[in-house]
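Reading the structure
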Amino acid sequence: MTQNNELERGNFFYYFGKDNEFFRQLEKFLDRVDKHSVSARMLDSSDFYRSWKFFDQKISCIFFDLYSLSQDLEKFSKTIRFYKNSDIFKGTVFIGIFNSVEQLQDNLYLFSHGLNYSFIKKDYYYDLFRDSFLITFETFLNFPMYAKAKDLNVEYHLRSLNPIGWFSKNKILIESDQIGLLGKFDTIVHPEDEDVEIQMIKDSGKNTCAYFPLTTQVIARHQFFENKEKNSTTLRKRFEELIDLDVIQNTETNILILDTMATFLADKEFELKYNHLNFHYVIKPENINSNFFKEANPECIFISTNTGNLSIKNLKKLIDRVKKIEEYKPVICIFNTLTNTEALRKVLEYRNIIGTKEMLIPSLVYPLIDSYFSKINFKDKTRSNKLMFNPATNNSLVKFKPEVIVTSLSEHSMTFYSQSVFPCYSILELDYPCNLILIIVPPWNELTTKAHHRHYMGIFHGLNFEEKSKLRVLGNQLIQNPTMGFEKIIEEEPVVVETVKKEGSKNPVEKIEDFDSKEIEIFEVKRKDAYDTGSKL
Amino acid sequence: MKGNLLIVDDEEFLRSQLPELLEDLADKIFTAENGKEGLQILAREEIHCVVSDLKMPVMGGNEFIKEARAQGFNTPFIFFTGYGSDETMLEVSEYGTHDFIAKPGLENLFESVSSALESGKQNDLGQTLLGQTDEIEIMKKSEDD
């Protein structure tokens, strides 16, 4: 890890959970590999919001133990969306610990909200710690080594997870990690319909007003409704039932809460009420750079001032940036100020502003948001034509099917060529030999090059023992028959294939006790920009 | 009760004319030549609104409000100012300003003093935010469809 990386990511691993043994093992692991002075902290609470106040340091990685906390996943999804849109969690790795593969598969949308890695609760955690260390610090531990099928040339397609921002009768806004979709015809997979044809017609280039922390937005023509009408009215009815009726009128509003005292989160009534809003939560005003307003484009800005942290002078500098942007006139509410509205308007030379001495708390902010919506919907009829799915369901996702050429595979990792462009740490899915989730990571060994392709490395996560075994079997089959495709192997699903040990490889033993007794080689992998495609963290 | 007003300005003309202009709005009107005198009156009398110049000899408006707040006075302050924003306006805003009135026109002086006196009589200066949102302009977003 470089000095810069240390500064960016911080040196704290947080564990939200009640499993003391897990935490003991995490501490033990960090002690063992700790050349970066990483320490762990445990928060025995599912109250993710109010725990915010503990985050006084830059956090490297957070483990959310949904298993031990019996966490309501809808609340959890709101939490990670909110966290991912806050300045103090930029670069933080979010890891979810789930009860079962089924629970994870039912909640895949969490990856589009900002979850980076998943783990199915087991009695040993070594592979979780090793992988989280890799993602967080780009530092690879070469233990254990896995039998790996190399020099493969297996054509296959992966699936990318893309949330639907909104859709209207014939258009759909898709947010995506896959870059460069404009102009393409493609098919998407939705839980309600396989292979719906779409045509990309408008690409924002980057995610300027997104609900989700993905990379780009693309508007596409789609045939959802046409398909439904052709098929049956029952299907269409079912489809329409999926739409979250609470939010259909209100799409595309960005909120910035600049809260130097974090009073909003400390308020006992705080709960993220609005599914359909994109909140940016900023605690440190200095994190609002000169491009922030142009990129994030917040329409309502709620600011808590207090002399020192955010003086009127600094507020003026912020508002001067707002004023410089053409056709941009957000509503700004200043809380915790002794200066009256009229005086603020004059001194800041901005009319669209109101001020109050009151603290910035949810019970004051939410009615203002409601009021804003009632006005905006009255004024902008186009909004009510845009529908959206409840983001806390897999129905809010569509999947593209990027074609890839698999070049190596083990039970832990896979490398593949693709003509598609993905930022590092993008999440992709495989559906063979079972449903598998893959995160693109910086490669820890040199990857070959191929014209018009990029060569990616990914690691599997969210596996239980059974799936891991299937992957191991597949890896072993490919070692024996590297020219076979996945489909071929399906036909020839073998009896039992024992693990083939490559020369120099070891059994994939994962107990942390074994880890204690080994000499582990710890080395930095290539930087996250290894693919020259940016990073999702 | 209408409330008591303190006018602080180094221009004698304003100290003599403003009380006549504003006499219907307040019960009692006090005048002072600078911030230092103003502080003495604040300490001695029950004042519900201060109308003060920013630039004055001995003690200017910025020092005046800073000292007043330090002594625990939450009285609403209205400052006279030239057109446009300057550093002094930003400084006094840090301590809580009710309004700025541009000299020499003194536009909206009556409305501003009236609302400041009302605020000054209340313990809580908090405003009903929702009431104010009526004045907020909402931009129409460009249509994607």
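Residues numbered from 1 in each chain as written. Chains lettered and ligands numbered in written order. Predicted model: local features only at pLDDT ≥ 70, side-chain atom pairs only at ≥ 80, totals over all residues. Heavy atoms only, no water.

Things to note about the overall build of chain A
Helix and strand counts for chain A come out as 17 helices and 24 strands. Expressed as a percentage of its 537 residues, the buried residues of chain A come to 61%. Looking at chain A alone, contacts between residues at least 24 apart form 73% of all its contacts between residues at least 6 apart. For chain A, the exposed surface amounts to about 21,200 Å²; the carbon and sulfur share of it is 47%. (Helix = DSSP H or I, 4+ residues; strand = E, 2+ residues; numbered from the N terminus. Buried < 20%, exposed > 50% of the residue type's maximum accessible area, 1.4 Å probe, protein only. Contact = heavy atoms within 4.5 Å. Areas by Shrake-Rupley, 256 points an atom, 1.4 Å probe, with all protein chains shown as cover.)

Description of the packing of helix 2 (residues 35-44) of chain B against helix 3 (residues 61-70) of chain B
All names here are of chain B. Relative orientation of the contacting elements helix 2 and helix 3 amounts to 25 degrees, with a least axis distance of 9 Å. When the axes of helix 2 and helix 3 are compared, the pair comes out roughly parallel. Judged by the sense of rotation from one axis to the other, the crossing of helix 2 with helix 3 is right-handed. Listed contacts from helix 3 to Gly 35, Gly 38, Leu 39 and Leu 42 of helix 2 are Phe 64, Glu 67 and Ala 68. (Axes fitted to C-alpha atoms, helices over the stretch in contact; angles between N-to-C directions. Parallel < 35°, antiparallel > 145°, perpendicular 65-115°, else oblique. Left-handed = near helix turned anticlockwise from the far one by under 90°.)

Here's the deal with the packing of aromatic side chains
Residues and elements named next belong to chain A. Enumeration according to the criterion identifies 32 aromatic pairs over all chains in this entry. For the pair Phe 13 and Phe 137, a centre-to-centre distance of 5.9 Å together with 20 degrees between the ring planes defines the contact as stacked. Residue Phe 13 is located in strand 1 (residues 12-16), and its partner Phe 137 is located in helix 7 (residues 126-137); the two are separated by 124 residues in the primary sequence. Judged by relative accessible area, which is 0%, Phe 137 ranks as buried. (Phe/Tyr/Trp six-rings, centres within 6.5 Å; stacked < 30°, edge-to-face > 60°.)

Brief notes about helix 5 (residues 109-121) of chain B
Residues and elements named next belong to chain B. Over its 13 residues, helix 5 extends 18 Å from the first C-alpha to the last, a length consistent with the 18 Å expected when each residue adds 1.5 Å. Of the positions making up helix 5, those classed as buried are Leu 109, Ser 112, Val 113, Ala 116, Leu 117 and Ser 119. For helix 5, the arc enclosing every buried residue in end-on projection is 160 degrees, short of the 170-degree limit, so these residues lie on one face. For helix 5, the secondary structure elements touched by its buried residues are strand 1 (4-8), helix 1 (12-22), strand 3 (49-53), strand 4 (77-81) and strand 5 (99-102). (Expected span 1.5 Å × (residues − 1). Arc of directions from axis to C-beta.)

Overview of the nonpolar core
Residue and element names in this part refer to chain A. If you look at the biggest cluster of nonpolar residues, it comprises 121 residues, and the most contacted ones within it are Phe 13, Leu 26, Phe 63, Phe 64, Phe 302 and Phe 486. Setting aside residues no more than four positions away along its own chain, Phe 63 makes contact with Phe 13, Tyr 14, Tyr 15, Phe 16, Phe 22, Leu 26, Ile 95, Ile 97, Leu 128, Phe 129 and Ser 132. Grouped together as the second largest cluster of nonpolar side chains are 46 residues, Ile 301, Ile 303, Ile 312 and Leu 348 included. (Core = buried A, V, L, I, M, F, W, Y, C linked by side-chain atoms within 4.5 Å.)

Looking at the sheet that holds strand 2 (residues 39-43) of chain A
All names here are of chain A. Here 5 strands make up an open sheet; going across it, the order is 2-1-3-4-5 and the pairing parallel. One side of each edge strand has no neighbouring strand; the edge strands of this open sheet are strand 2 and strand 5 (117-120). The mean inter-strand angle of the sheet, taken between neighbouring strand axes irrespective of direction, is 20 degrees. As judged from the 5 bridges shared by strand 1 and strand 2, these two strands associate in the parallel manner. Residue pairing across strands places Tyr 14 opposite Arg 41, the latter belonging to strand 2. Across the face of the sheet, helix 2 (residues 20-33) comes into contact with strand 1, strand 2, strand 3 (59-65) and strand 4 (93-98) while running at roughly 170 degrees to strand 2. Contacts between helix 4 (residues 73-84) and the sheet are confined to strand 1, strand 3 and strand 4, with strand 3 contributing the most and set at about 175 degrees to the helix. (Pairing = 2+ DSSP bridges.)

Structural notes on the domain arrangement of chain A
All names here are of chain A. Domains assigned within chain A are domain 1 (1-137), domain 2 (143-158 + 402-537), domain 3 (159-248 + 388-398) and domain 4 (253-385). On the side of domain 3, 9 residues touch domain 2, which itself brings 14 residues to the contact. Between domain 2 and domain 3 lies a buried interface of about 970 Å² when both sides are counted; carbon and sulfur atoms form 52% of it. Considering only the surface of domain 2 that becomes buried against domain 3, Val 421, Glu 429 and Lys 536 emerge as the three largest contributors, covering 41% of it. Remark: the boundary between domain 2 and domain 3 carries 1 salt bridge. (Domains from an automatic or database assignment. Buried area = accessible area lost by both parts, 1.4 Å probe. Salt bridge = Lys/Arg side-chain N within 4 Å of Asp/Glu carboxyl O.)

Observations concerning the pattern of salt bridges
Applying the stated criterion to the full structure yields 18 salt bridges over all chains. A salt bridge links Lys 313 of chain A to Glu 87 of chain B, with the nearest nitrogen and oxygen atoms 3.3 Å apart. Note that Lys 313 of chain A is positioned in helix 12 (residues 312-324) and Glu 87 of chain B in helix 4 (residues 87-93), a pairing that runs across two chains. For Glu 342 of chain A, the salt bridge is made with Arg 345 of chain A, and the minimal N-O distance between the two is 3.3 Å. You can see Glu 342 of chain A and its partner Arg 345 of chain A sitting in helix 13 (residues 341-348), 3 residues apart, about one turn around the helix. On the basis of relative accessible area, Arg 345 of chain A is assigned to the buried category, the value being 3%. Several salt bridges share partner residues, and in doing so they unite Lys 316, Asp 320, Lys 323 and Glu 349 of chain A into one network.

Considerations on the side chain of Ser 408 of chain A
Residues and elements named next belong to chain A. On the secondary structure map, Ser 408 appears in strand 19 (residues 403-409). In this structure Ser 408 comes out as buried when scored by relative accessible area, which is 6%. Within the structure, Ser 408 has its side chain in polar contact with the side chain of Thr 415 (distance 2.6 Å). Residues within four places of Ser 408 in sequence aside, it is in contact with Lys 148, Ala 149, Lys 150, Leu 152, Ser 413, Met 414 and Thr 415. (Polar contact = N/O pair within 3.5 Å; in protein donor to acceptor, adjacent residues only side chain to side chain.)

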